[in-house]
Amino acid sequence: MSVEREDRLLELEMGQLCITRSVMKRVLPVEVEYALDRHRVGDWGLVCDKDKVANWHALILGLRILSLYRASNGTEFWIITEADRSVTTILLPEES
C-alpha cells in the first residue's frame, strides 16, 4: 500500500515485525494490521505535530520512526521502526 505525499509515493520499509505479548492480549489482530498499514504509508496516528514532523525528517535522515494508535478498547500502542529499517516493533508505551 502506498500513499501520495507531496508528489511522491511513500512506503516505509519495516523489516522484521515484532509484537509484544501484551499487545497480542489487548489489541485485536485486525487493529494491529490496520495500524501497521497506516504506519507504513506515513499516517503516524495520534503522535503530536512535533513528532509528526520529526518522523518526516527521520524518513529523510534514516532515523527511528514512532507512531501511536488507540485500539477500539482504548488501549494505546506504539509502532516503532528502527533507523536501519531492519525491525518494526509493536508495543505498549509502558513496555518501552
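Residues numbered from 1 in each chain as written. Predicted model: local features only at pLDDT ≥ 70, side-chain atom pairs only at ≥ 80, totals over all residues. Heavy atoms only, no water.

Asker: Is there a simple way to think about the environment of Ser86 in this case?
Answerer: Structurally, Ser86 is set in the loop between strand 5 (76-81) and strand 6 (87-91). Among the residues examined, Ser86 registers a relative accessible area of 35% and is labelled partly exposed. A C-alpha to C-alpha distance of 17 Å links Ser86 and Leu10, two positions 76 residues apart in sequence. If sequence neighbours within four positions are ignored, Ser86 has contacts with Met14, Gly15 and Gln16. Engagement of the side chain of Ser86 in a polar contact is seen with the side chain of Asp84, the distance being 2.7 Å. (Helix = DSSP H or I, 4+ residues; strand = E, 2+ residues; numbered from the N terminus. Buried < 20%, exposed > 50% of the residue type's maximum accessible area, 1.4 Å probe, protein only. Contact = heavy atoms within 4.5 Å. Polar contact = N/O pair within 3.5 Å; in protein donor to acceptor, adjacent residues only side chain to side chain.)

Asker: When you look at the confidence of the model for the chain in this model, what are you seeing that I'm missing?
Answerer: Residues shown with low pLDDT carry predicted positions that ought not to be read at fine detail. Scored by pLDDT, the chain has a mean of 91; 91% of the residues are at 70 or more. Here residues 1-8 is modelled with pLDDT under 50, and outside its nearest four sequence neighbours on either side it reaches 19 contacts, counting other chains as well. (pLDDT = per-residue confidence, 0-100.)

Asker: Which parts of the structure should I look at to understand a nonpolar patch on the surface?
Answerer: The grouping of Ile60, Leu61 and Leu63 at the surface amounts to a nonpolar patch, some 330 Å² of accessible area in total. Positionally, Leu61 belongs in helix 3 (residues 49-61). Note on Leu61: relative accessible area 60%, which makes it exposed. (Patch = residues over 30% accessible without salt bridge, like charges linked within 9 Å, V, L, I, M, F, W, Y side chains within 5 Å. Areas by Shrake-Rupley, 256 points an atom, 1.4 Å probe, with all protein chains shown as cover. Salt bridge = Lys/Arg side-chain N within 4 Å of Asp/Glu carboxyl O.)

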